[in-house]
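Structural overview
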Amino acid sequence: MFTSQLAFRQEFQKTLASSRLHQWFDQMGGEQPALADFPDPIALRQFLRSPSSPAQRVREIWRALIRATQARRTPEAITFVLGLLQPALSAFVDKALADGALIKDSAGELMEAEDVWQQVVTATLRALANAKLPGRDAVLAGLLIDIRQPFRSWVRGEF
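Residues numbered from 1 in each chain as written. Predicted model: local features only at pLDDT ≥ 70, side-chain atom pairs only at ≥ 80, totals over all residues. Heavy atoms only, no water.

Side note on the environment of Gln27
Locating Gln27 in the fold gives a position in helix 2 (residues 19–31). Along the backbone, Gln27 and Ala68 are 41 residues apart, and their C-alpha atoms lie at a distance of 9.3 Å. (Helix = DSSP H or I, 4+ residues; strand = E, 2+ residues; numbered from the N terminus.)

Structure representation (structure tokens):
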């Protein structure tokens, strides 16, 4: 794990314990019924990361999370959602770096893991702001598509 990814993971852990995230989560639980079943953000994270969680319920919760984040876009909410997405984002970065022959800059040098991570996070932030995202049948699949396209454009721009 590289520096900015480790720093983000630490920030996510700190945010999980913050009173501001808990206030946001309580407020969103009143507005998004799918979130109301969870007493706190940590319980929601455990549910979403559990392989035994029903897929339909997970999709419903992600849709509610995206709606909640778009309704009240606080720094804590964004960090929380990015933290929940972190395993998928890390896998995306790892795959991009494994395909290193494709990830070279205009000088022919391999791109730094830090740069790739920053671009994936930037693309994710843009994708999370897409008003059409919560209306899609597969919110997470749509999110990954919305991340992949700008990332590919960035890589092409680096050639």
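That was the structure; now back to the text.
What to know about the packing of helix 1 (residues 3–16) against helix 7 (residues 113–128)
Across the interface, helix 1 lies against helix 7 with an axial gap of 8 Å and an inter-helix angle of 45 degrees. In this view, helix 1 runs oblique relative to helix 7, as classed from their interaxial angle. Across the interface between the two elements, Thr3, Ser4, Gln5 and Phe8 of helix 1 pack against Glu114, Trp117 and Gln118 of helix 7. Tallied by class, the residues present in the contact of helix 1 with helix 7 amount to two nonpolar, four polar and one charged. (Axes fitted to C-alpha atoms, helices over the stretch in contact; angles between N-to-C directions. Parallel < 35°, antiparallel > 145°, perpendicular 65-115°, else oblique. Contact = heavy atoms within 4.5 Å. Nonpolar A, V, L, I, M, F, W, Y, C, P; charged D, E, K, R; others polar.)

Describing the packing of aromatic side chains
In the structure shown here, the tally under the stated rule is four aromatic pairs. On the numbers, 6.2 Å between centres and 55 degrees between planes, the contact of Phe8 with Trp117 is tilted. Within this pair, whereas Phe8 is found in helix 1, its partner Trp117 is found in helix 7, the two being separated by 109 residues in sequence. You can call Trp117 buried: its relative accessible area is 3%. Pairing Phe38 with Phe47 gives two aromatic rings, centres 5.2 Å apart and planes at 55 degrees, and the pair type is tilted. A relative accessible area of 12% means that Phe38 is categorised as buried. Ring pairing ties together the aromatic residues Phe12, Phe25 and Phe80, which thus form one cluster. (Phe/Tyr/Trp six-rings, centres within 6.5 Å; stacked < 30°, edge-to-face > 60°. Buried < 20%, exposed > 50% of the residue type's maximum accessible area, 1.4 Å probe, protein only.)

Focus: the layout of surface pockets
The space that makes up the second largest pocket amounts to roughly 170 Å³. Taken together, Leu48, Arg49, Val58, Trp62, Leu84, Leu85, Pro87, Ala88, Leu140, Leu143 and Leu144 make up the lining of the second largest pocket. Elements supplying a minimum of two residues to the lining of the second largest pocket: helix 4 (41–49), helix 5 (55–71), helix 6 (75–98) and helix 8 (139–158). Ranked by the residues each element gives to the lining of the second largest pocket, the list is headed by helix 6, at four residues. Looking at the lining of the second largest pocket, its residues break down into ten nonpolar, no polar and one charged. (1 Å grid on protein atoms, 1.4 Å probe; cavity = no way out; pocket = protein on both sides within 12 Å on 5 of 7 lines; lining within 4 Å. Points joined across faces, edges and corners; volume = space filled by probe spheres on them.)

A few points about the confidence of the model for the chain
The predicted model of the chain has a mean per-residue pLDDT of 86, with 87% of residues at 70 or higher. Confidence, read as mean pLDDT per element, is least for helix 8 in the chain (76) and greatest for helix 4 (96). (pLDDT = per-residue confidence, 0-100.)

Here's the deal with the nonpolar core
Ranked by internal contacts, the top residues of the largest apolar core, which has 45 residues, are Trp24, Leu44, Leu48, Ile61, Trp62, Leu65 and Phe80. When contributions to this core are tallied by element, the ones reaching two or more residues are helix 1, helix 2, helix 3 (33–36), helix 4, helix 5, helix 6, helix 7 and helix 8. Top element by residues in this core is helix 6. It accounts for eleven residues. Residues within four places of Leu65 in sequence aside, it is in contact with Trp24, Leu35, Leu44, Leu48, Phe80, Val81 and Leu84. (Core = buried A, V, L, I, M, F, W, Y, C linked by side-chain atoms within 4.5 Å.)

Here's the deal with the side chain of Arg57
Residue placement: Arg57 occurs in helix 5. Under the relative-accessibility criterion, Arg57 is labelled buried at 18%. Within the structure, Arg57 has its side chain in polar contact with the side chain of Glu60 (distance 3.1 Å). When sequence neighbours within four positions are dropped, the list of residues in contact with Arg57 reads Ala34, Asp37, Phe38 and Phe47. (Polar contact = N/O pair within 3.5 Å; in protein donor to acceptor, adjacent residues only side chain to side chain.)

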